[in-house]
Structures are given as structure tokens and as C-alpha cells.
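If you want the building blocks of each chain, they are given just below.
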Amino acid sequence: MSIEQRRIVRTEIPGPRSQELHARRQREVPPGFGITLPVFVERAGGGIVVDVDGNHLVDLGCGIAVTSVGASEPRVVDRVREQAGRFTHTCFMVTEYDGYVEVAAKLNRLTPGDHEKRTALFTTGAEAVENAVKISRAYTGRPAVVVFDHAYHGRTSLTMAMTAKQMPYKHSFGPFSPEIYRVPTADPFRGTGTETERFMDVLRTQIGVDRIACVVAEPIAGEGGFVVPAPGFLRQVSEFCRENGIVFVADEVQTGLARTGDMFAVEHEGIVPDLICTAKALGGGLPLSAVTGRAEIMDSVHVGGLGGTYAGNPVACAAALGAIEAIEEQNLAARAAEIGERVLPRLRELAGTVPAVGDVRGRGAMLALEFVEPGGKTPSPATATAVARYCHERGVLVLTCGTYSNVIRLLPPLVIDFALLDDAVDVLVEAVRKVAG
Ligand code: PLZ
């Protein structure tokens, strides 16, 4: 069933039916699960989310960077139907199926570097990151893990400790996992320009390089505010790791699979990570994650040391094969780059004319506006919230993020129709001028 690719606002947003369903949700679900826009969804596809009141919202969030190929891409849906009709589950640790191996082979081929690789599949992004740490520790025999400011790696006990932001991710949930060390990232907007030296200094003098199992880095910090590290920083970090026997792990859960204009964001600087974590876009909407990496590192874990009941579920693997095919056949990495070229100049123009826009950044179809108090760099989360609300009320679904909650981020489906994208960006530009101009 095809969905008209046009923004249509029929009711107030959220509409009456959504409000009714949301009231029920509040009785049945704890408030700990936050909500960006309390609108209930009827169906979705391409760049449109249709709600239960018949509104067509333009999707600039992709369910947090997941539905890059669209939320009902036929290559994904058909494979899911076919696989679910044959079997839904066996547990890959009990009996095997080829879909798992096929996804592994695809990731081994697609990820940077022509060395021999292996892939282990899991279910969530946090699980992939957590397993990358376990594998790094097993391989090196070392305990310490290095992460960065603005980092987001998940909500499990270990990944919560690796995540930087206290509220809401860590507040009241301690004690935290030990042996996690945080260093500044080369943040071009708020940084000092001395982060590379600081990184090497802290690792050498405070942690001890021979105690460090891995450095885990997002090539572009996602939840932390779409912070793109200064050019060269990650390359120097990865070289330092190689020189010191430290496993360099790229957390490409949000950036991976064509989002930033390359298949993987590390390719932008020609970096070849030892391990690379993927999830989100990989499963085309179904829960699937992966750790892909050097065979000698991946093979260092004892038999039975990796796994999970649902890890690499066959229906999710079928979806992933459809998503990867859609990404490759439609060359969605190039499409992501085009989206960036189309939208970035419009955001830059805003930054040049609206003092509350402190910074505009991102790559490909991963773009952001950071709001500040005019005349300085003091974060203005209230402005980001107000801009998001203005967009939501007019049928444009944008997400916020950032260490200071003052960033609007754009993560459109890579297949989005350009007329629809332009219309949504018009609304965003109007929102910024009205709310912050
Ligand atoms: N690593 C880089 O972006 C998930 C978080 C949503 P899971 N980001 C969305 C929320 O508030 O819970 C993410 C990420 C990076 C790891 C993860 C974790 O992925 O699939 O949510 O576990």
C-alpha cells in the first residue's frame, strides 16, 4: 500500500485519537519511557509517518536513525514475510541458518579494510558495544576502556557507564561499571584544540597504555549532539591505538550503513577500525546489531563466550539482507551525501542570520543545529525545544539531542523525496526564524 509522499495536517498534532491513546498509555506504561511526540502511528513509508488521525508527518528522525531505507521498504518487508512463514527462531547457538552467515559475510565485505574479518550478530546497539568491550578485553588481557565526552553507547550497565550524559541516562542508576575512563573529544565548537595531546597524555600518565583494552569512539557523536570531531583527531587516536596494542572500536551504531554519505563514517578519513559496531539501519527496522572485526581479535574469545537467545534472529537477518540490498542497489550513501549538499547550505544561511544558531554541523544525512543564547556559547535547550514543538505542530517530525539538550538533529530516511525534504526544511527554517530570530 503506497503512502502519498506529502505533508498533510488534518487535525491539531497530536490529534484527538492520539490523545486518547496516549492517555491510555499513561495508565499502562511507566513514565520512565520518555516521548518526543505523543502521536500514535498507523503506517509509515518513504519519508512519511501516517498517524491515527490521518496526519502525514514528514519523518526527519527515522526512529532514531533506523529506517534509512524507509519504514516499509518492499525488499525488507517481503523477506521478513518469507522468513517468518518458514521459521521465526531457532537460536543460532542451538541450530544454524544461513541468513545469519549471509549478513556476517556482507558486513565482513562492506566494512573498511581488506584484512580477514569475522562478524558476530546481536540484537541491540548497546549489546554490540558491550560485546566489543568483552572481545577487546579477552584479546588484550587488559581491563581499561577509554571513551569520550559527548559519548552515547547505550543503557545497559556497562554501556551506561560508557555514556557521558548524566540526565536522563545515568541519574539514580549507579554504581557504575569500573575501568571506564573519559577523555575530551576534539569538539570544534566548544573544544580547546589541544584534545589530541590531552588524549595521549591521559592514556600514558593516568591510565597506563598497557592496561587499556580498547578505545571506543563514535565517528560523529550521535545522542551527544552530532559533534563531528576536528579533522585528523580520530585518525591520530586510531594510530595511537595501533602503536600501543589497544583495540580501536568504532561505534557506528548511529553513523553506519550509508547515513553520513559513506557506507561507514570512519571511511571519510580513511580510518580502518579493529572492531566496528553496527545496529539501527542494519536491520531495516528489525532489531539486529553486529560486531565486525579483525579475525585474530574476534577469534580470541573462548567457545561459548559470545551469544544470546535472540542474537542474530532469523527474521531480523532477513530484514537486514533486504536493507543492505536496498542501500547498495539504490546507492543510498551517495543519496545521503546529496541530502547533505541540499540541506546544509540552508542551515548555514540560518546560522549566518540568526544569532541563536550557534553552530551548524554534520555530514550527509546526519545534520544538526545547535542553539545558544545570542552573542555567546551558553546552551539554550529551551530554544531547541520550542523549535521542535513548532515543527511537530506543523507535521515535521524532528528530534533533539546533545549533551546540553540544545540541538535539533535531522536524520531523514535516505530515500526521502526531495520535494518533501525541501518542504520539511522550509518548516524548520520558518520555525527557527519565528522562535529564535
Ligand atoms: N551507540 C552511537 O546512537 C543508540 C538511543 C535512544 P540501542 N542511540 C539511540 C535512547 O534514548 O535509548 C545508540 C547509539 C550509539 C549505541 C547505541 C545503543 O543502541 O540499540 O539503543 O541499544
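## Digging into the pattern of salt bridges
Okay, step 1: On inspection of all chains with the given rule, the structure shows 24 salt bridges.
Okay, step 2: The partner of Arg342 in a salt bridge is Asp422, with the nearest N and O atoms 2.6 Å apart. With Arg342 in helix α11 (residues 332–353) and Asp422 in helix α13 (residues 418–436), this pair connects stretches of sequence that are 80 residues apart.
Okay, step 3: A residue is classified by how much of its surface remains accessible, and Arg342, at 35% relative accessible area, is partly exposed.
Okay, step 4: A salt bridge links Arg361 to Glu370; the nearest nitrogen and oxygen atoms lie 2.8 Å apart.
Okay, step 5: What you see here is one network of salt bridges that share partners, running through Glu73, Arg75, Arg79, Glu325 and Glu329.

## Things to note about the site of the ligand
Okay, step 1: In the region of the ligand, 15 residues are neighbours, and Gly125, Ala126, Arg155, Asp251 and Gln254 sit closest.
Okay, step 2: Within the backbone of Gly125, a nitrogen or oxygen atom sits 2.8 Å from an oxygen atom of the ligand.
Okay, step 3: Within the side chain of Arg155, an N or O atom sits 2.7 Å from an oxygen atom of the ligand.
Okay, step 4: Within the complex, the protein chains bury 82% of what would otherwise be the 510 Å² of accessible surface of the ligand.

## What about the sheet that holds strand β3 (residues 56–59)?
Okay, step 1: In spatial order, the strands read β1-β2-β3-β13; together these 4 strands make up an open sheet with mixed pairing. Strand pairing shows two members of the sheet lacking a second neighbour, β1 (41–45) and β13 (396–397), which therefore form its edges.
Okay, step 2: Bridging between β1 and strand β2 (residues 48–51) involves 4 bridges; their strand directions are antiparallel. When the bridges of β2 are listed, Gly45 appears paired with Ile48.
Okay, step 3: Docked against the sheet, α13 engages β2, β3 and β13, running at close to 90° with respect to β3.

## Observations concerning the pairing of strand β15 (residues 407–410)
Okay, step 1: The side-chain alternation of β15 yields two buried faces, one formed by Val407 and Arg409 and the other by Ile408 and Leu410.
Okay, step 2: Sheet analysis places strand β12 (residues 366–371) next to β15, joined by 4 bridges and oriented antiparallel. Its bridge partner lying in β15, Ala368 is registered against Arg409.
Okay, step 3: Note that strand β14 (residues 399–401) and β15 share 3 bridges and pair antiparallel. The residue bridging Cys401 from the neighbouring strand is Val407, located in β15.
Okay, step 4: Between β14 and β15, which pair antiparallel in sequence order, lie 5 residues; one of them, Gly402, sits at a positive phi of approximately 110°.

## Details of the domain arrangement of the protein
Okay, step 1: Looking at the assigned domains, one finds that the protein contains domain 1 (16–59 + 332–435) and domain 2 (75–329).
Okay, step 2: Taking only C-alpha atoms, the centre of domain 1 and the centre of domain 2 are 26 Å apart.
Okay, step 3: Taken together, the contact pairs 31 residues of domain 1 with 25 residues of domain 2.
Okay, step 4: For the domain 1 and domain 2 pair, buried surface summed over both sides reaches about 2,300 Å², with 57% attributable to carbon and sulfur atoms.
Okay, step 5: At the boundary of domain 1 and domain 2, one finds 2 salt bridges.
Okay, step 6: In this structure, Arg409 and Glu223 form a salt bridge, with 2.8 Å as the shortest nitrogen-oxygen distance.
Okay, step 7: Counting across the interface, domain 1 meets domain 2 through 16 residue pairs in polar contact (both at pLDDT 80 or more).
Okay, step 8: Going through the elements one at a time, α11, β11 (357–363), β12 and β15 are the ones with two or more residues in the side of domain 1 that touches domain 2.
Okay, step 9: With 5 residues, the single largest contributor to the side of domain 1 that touches domain 2 is β11.
Okay, step 10: Looking at side-chain class alone, the side of domain 1 that touches domain 2 contains 18 nonpolar, 7 polar and 6 charged residues.

The rules behind each value
Residues numbered from 1 in each chain as written. Predicted model: local features only at pLDDT ≥ 70, side-chain atom pairs only at ≥ 80, totals over all residues. Heavy atoms only, no water. Salt bridge = Lys/Arg side-chain N within 4 Å of Asp/Glu carboxyl O. Helix = DSSP H or I, 4+ residues; strand = E, 2+ residues; numbered from the N terminus. Buried < 20%, exposed > 50% of the residue type's maximum accessible area, 1.4 Å probe, protein only. Near = heavy atom within 4 Å. Polar contact = N/O pair within 3.5 Å; in protein donor to acceptor, adjacent residues only side chain to side chain. Areas by Shrake-Rupley, 256 points an atom, 1.4 Å probe, with all protein chains shown as cover. Pairing = 2+ DSSP bridges. Contact = heavy atoms within 4.5 Å. Axes fitted to C-alpha atoms, helices over the stretch in contact; angles between N-to-C directions. Domains from an automatic or database assignment. Buried area = accessible area lost by both parts, 1.4 Å probe. Nonpolar A, V, L, I, M, F, W, Y, C, P; charged D, E, K, R; others polar.

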